[in-house]
Amino acid sequence: MPSLFSQETIDFFKRALTPQKIFLTVLVIAISVNAFNFGEALQRTQRKRKAVPFIFYGIIFSGLENIFKDVKYVGYFTDRDQNLDETAAEFAQAQYAIAPTILDMNYQKHELILLDCTDETVAMAKVKELGAIPLKRNKFGIILAKQRKWKSD
Amino acid sequence: MEIGLILFAFGISFVTGYLLLRRVWPAQLPPNPLLQIFLGAGLGLGVSAHLIFYTLIIFDQLKTLPVIGLQAFLLILLVADAYRSSKKNKIKLFFPEKVSSRDWGLLGILGIALIPITLYANFYPMGGWDAWSVWNLKAKFIFSGETHWKNMLDPILWRSSPHYPLLLPLINVWGWIFLSSPATVGPLLTSVVFTLLTAGTLTFGLKSRIGHVPALTAALFLLTLSYFVQLATSQYCDIVFAYYLLAGTICLLNANQQKNTAFAFLAGLFFGFLSFTKNEGSLAMLLLVALSFFYLPDKKTWRALLGGCVLTAVPTLIFDRLFSPGNQTFVNGLVSSAQPSDLYRLKMIFAFLWADLKSHNWNGLWAILGLGMLLSQGRFIRRDMRIIPFFLLSYLAVIFIYYYVNTHFKIAWWLQVTLDRVFVGILPVVIFWIFAAVWENKSRTVTKSPVTRKNS
């Protein structure tokens, strides 16, 4: 039976369609698509950053690490919903900001407590409830209090 | 100024590593100067991190002067040695072998690809969640904690994985060594540097096997994937893991093909560093050392690998035995009645795995690599490459068993936040493996180096 294609055509395709060339073609297409997507992602992020600049929440605790020199633990109180990712992220960033002091959510256990509340009146009410003395309030509204009746373990 | 001082510290490590590598690199092998640079840079950063770790133990706090002194002493020693041997053998101190213009071209393209990556990293100067919660937090404890640095190991900080080893934090601390405070830009630069080192090692590791064009394609395939770039520049340890795994694997394959103890020793050094990246790194190291026993041609070569490994795994052992508080987030689901490892968990793992591999985040990457496997016509399991699939299968099997057994975390959330990072850690090695399988038709033959380095 005569072949549909001439021997030259078959040889040409055999030479052209090597596994390496097929893979290279797929890769070049993939790289082009990836590069285009990456470019878009860059532009998207740039627009986002222009609208809302990058904010590291931990910055509102900066400066406090100097007060905590030689303090191993500080209690941490917040009235925000601790099940939210956002609150957990804020806690982690606060921990980063005051390291090497350790922030403990079990705030009652510690003499010094950082109160990071949605409203300053909530924080002051908590200070009163704990029978603590407010020691310092920074410009971001973070209050440092000291428990009066606290005893070391 | 900060950036300059950080890059200066990294530069010291690069030169140290390069000179160390040239002491070990086998003289009879074809020279690959740019691969030597990319491998040497990672070797040097690992050595700098280890020096800090040892001084941290000796002084019980970070003492910058002894660290800088030791690093300078090592560098002077290596420069003097290289100078002496270059005089003796009448070769140039640096770049004794010629770098071809095509190699420089590859390097230039990698450099250009680095620009959008650096821009992207700069949009997230503090990195991702685990950057401030785990890796950079540890670095800050070590840098600023004085004698309280060990506070970071307190089980209260279970969210920060205090049992994770310290290679990345120590590399970040090394970056800050000439600064008075822990600058945010340090860890950012570390992540960009390791992304470049991984891409460079992949490119020049492949180049000597399959040529310039496929090698460049491999690097661009990796570097244009925005999801990879996002995870690599998140200031997590996965890119560091990926680099040391790739570097060690390339040396291991060379050790096998050339029956060369020097390459086996180098592979061992990289695997030892790998064990200090994450706990998964220790697992990878143990698997690779065990599999190498059957893979390497003789006991002598395997013993060389083991020697290198022991040398750089000592800090992992010290950390694990003396400092690590143990895994605070482990519940054995096989014995726990409250949180059992049930069928739902198993189904969830497989369903998530399938959904993740075809997720648009990867842009069809795994399908393309699968196609590469088919096009390699079975070469992906050929004898000299076989250790890679064996390693990947056993490594992923253990990881998935761990996902199943440890029921401390809800499985859907846990997989969502960690599985892709496991993939990023192995991705460069997978790409290396598939590309070599597609393009490399036969095992390489050893050619004599135009320059015989008697000192090696």
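Residues numbered from 1 in each chain as written. Chains lettered and ligands numbered in written order. Predicted model: local features only at pLDDT ≥ 70, side-chain atom pairs only at ≥ 80, totals over all residues. Heavy atoms only, no water.

Re the overall build of chain A
Reasoning step 1: For chain A, the count of helices and strands is 5 helices and 5 strands.
Reasoning step 2: Starting at the N terminus, the α and β elements of chain A follow one another as α-α-α-β-α-β-β-α-β-β.
Reasoning step 3: When the backbone C-alpha atoms are referred to their principal axes, chain A occupies close to 100 × 40 × 25 Å.
Reasoning step 4: In chain A, which comprises 153 residues, the share counted as buried stands at 40%.
Reasoning step 5: Of the roughly 9400 Å² of accessible surface on chain A, a fraction of 58% belongs to carbon and sulfur atoms.
Reasoning step 6: Counting 21 positive and 17 negative side-chain charges, chain A places the centres of these two groups 4 Å from one another. (Helix = DSSP H or I, 4+ residues; strand = E, 2+ residues; numbered from the N terminus. Buried < 20%, exposed > 50% of the residue type's maximum accessible area, 1.4 Å probe, protein only. Areas by Shrake-Rupley, 256 points an atom, 1.4 Å probe, with all protein chains shown as cover. Lys, Arg positive; Asp, Glu negative; His and termini not counted. Charge placed at Lys NZ, Arg CZ, Asp CG, Glu CD.)

Some words on the overall build of chain B
Reasoning step 1: When its secondary structure is counted, chain B shows 17 helices and 0 strands.
Reasoning step 2: Dimensions of chain B, computed from the C-alpha atoms along their principal axes, are close to 70 × 55 × 45 Å.
Reasoning step 3: Going through the 456 residues of chain B one by one, you find that 61% of them count as buried.
Reasoning step 4: Excluding contacts between residues fewer than 6 apart, the proportion of contacts in chain B whose partners are at least 24 apart in sequence is 83%.
Reasoning step 5: Side chains of chain B carry 36 positive and 17 negative charges; the gap between the two charge centres is 12 Å. (Contact = heavy atoms within 4.5 Å.)

Focus: the sheet that holds strand β1 (residues 73-77) of chain A
Residues and elements named next belong to chain A.
Reasoning step 1: Strand order in the open sheet made by the 5 strands is β2-β1-β3-β5-β4, with mixed pairing throughout. What marks the edges here is a single partner per strand, and that holds for β2 (102-104) and β4 (132-137). Going across the sheet, the axis of each strand differs from the next one's by a mean of 35°, ignoring polarity.
Reasoning step 2: Strand direction decides the pairing type here: β1 and strand β3 (residues 112-115), joined by 3 bridges, are parallel. Along β3, the bridge assignment pairs Tyr76 with Leu114. (Pairing = 2+ DSSP bridges. Axes fitted to C-alpha atoms, helices over the stretch in contact; angles between N-to-C directions.)

A short note on the domain arrangement of chain A
Reasoning step 1: When its domains are assigned, chain A resolves into domain 1 (7-51) and domain 2 (58-147).
Reasoning step 2: Averaged C-alpha coordinates put domain 1 of chain A and domain 2 of chain A at centres separated by 51 Å. (Domains from an automatic or database assignment.)

Notes on the nonpolar core
Reasoning step 1: By size, the foremost hydrophobic cluster in this structure holds 173 residues, and its most contacted members are Phe221, Tyr244, Tyr395, Tyr403 and Phe435 of chain B.
Reasoning step 2: Each of two domains, domain 1 (7-51) and domain 2 (58-147) of chain A, supplies a minimum of three residues to this core.
Reasoning step 3: In this structure, Tyr57, Ile60, Ala94 and Leu112 of chain A belong to the second largest nonpolar core, which totals 16 residues. (Core = buried A, V, L, I, M, F, W, Y, C linked by side-chain atoms within 4.5 Å.)

Section: the packing of aromatic side chains
Reasoning step 1: Counted by the stated rule, this structure contains 42 aromatic pairs over all chains.
Reasoning step 2: Taking 5.8 Å as the distance between ring centres and 45° as the angle between the ring planes, the aromatic pair formed by Phe23 of chain A and Trp439 of chain B counts as tilted. Residue Phe23 of chain A is found in helix α2 (residues 19-51), and its partner Trp439 of chain B is found in helix α17 (residues 411-439); the two belong to separate chains. The pair formed by Phe23 of chain A and Trp439 of chain B is uniform in burial state, with each residue classed as buried.
Reasoning step 3: Considering the side-chain rings of Phe409 of chain B and Trp413 of chain B, the 5.5 Å spacing of their centres and the 45° angle between planes classify their relative orientation as tilted.
Reasoning step 4: Look at Phe409 of chain B and you get buried, because its relative accessible area is 18%.
Reasoning step 5: Judged by its relative accessible area of 44%, Trp413 of chain B is partly exposed. (Phe/Tyr/Trp six-rings, centres within 6.5 Å; stacked < 30°, edge-to-face > 60°.)

Re the pattern of salt bridges
Residues and elements named next belong to chain A.
Reasoning step 1: This structure, assessed with the given rule, holds 18 salt bridges over all chains.
Reasoning step 2: Put simply, Asp116 and Arg80 hold a salt bridge, and the shortest N to O gap is 3.1 Å. Here Arg80 lies in the loop between β1 and α4 (85-98) and Asp116 lies in the loop between β3 and α5 (120-130), a separation of 36 residues in the sequence.
Reasoning step 3: Asp116 gets classed as buried once you look at its relative accessible area, which sits at 2%.
Reasoning step 4: In this structure Arg80 comes out as partly exposed when scored by relative accessible area, which is 24%. (Salt bridge = Lys/Arg side-chain N within 4 Å of Asp/Glu carboxyl O.)

With respect to the pairing of β3 of chain A
All names here are of chain A.
Reasoning step 1: Residues Leu112 and Leu114 of β3 are buried on one face, and the alternating residues Ile113 and Leu115, pointing to the opposite face, are buried as well.
Reasoning step 2: Examined bridge by bridge, β3 and strand β5 (residues 143-147) share 4 bridges and lie antiparallel to one another. Considered in β5, the bridge of Leu114 is made with Leu144.

A word on the pairing of β4 of chain A
Walk down a regular strand and you will see the side chains alternate between the two sheet faces.
All names here are of chain A.
Reasoning step 1: Where β4 lies against β5, 5 bridges are found, and the strand directions are antiparallel. The residue bridging Pro134 from the neighbouring strand is Ala145, located in β5.
Reasoning step 2: Taking the residues that link successive antiparallel strands as the turn, the β4-β5 hairpin has 5 residues, and the phi of Gly141 there is positive, at about 85°.

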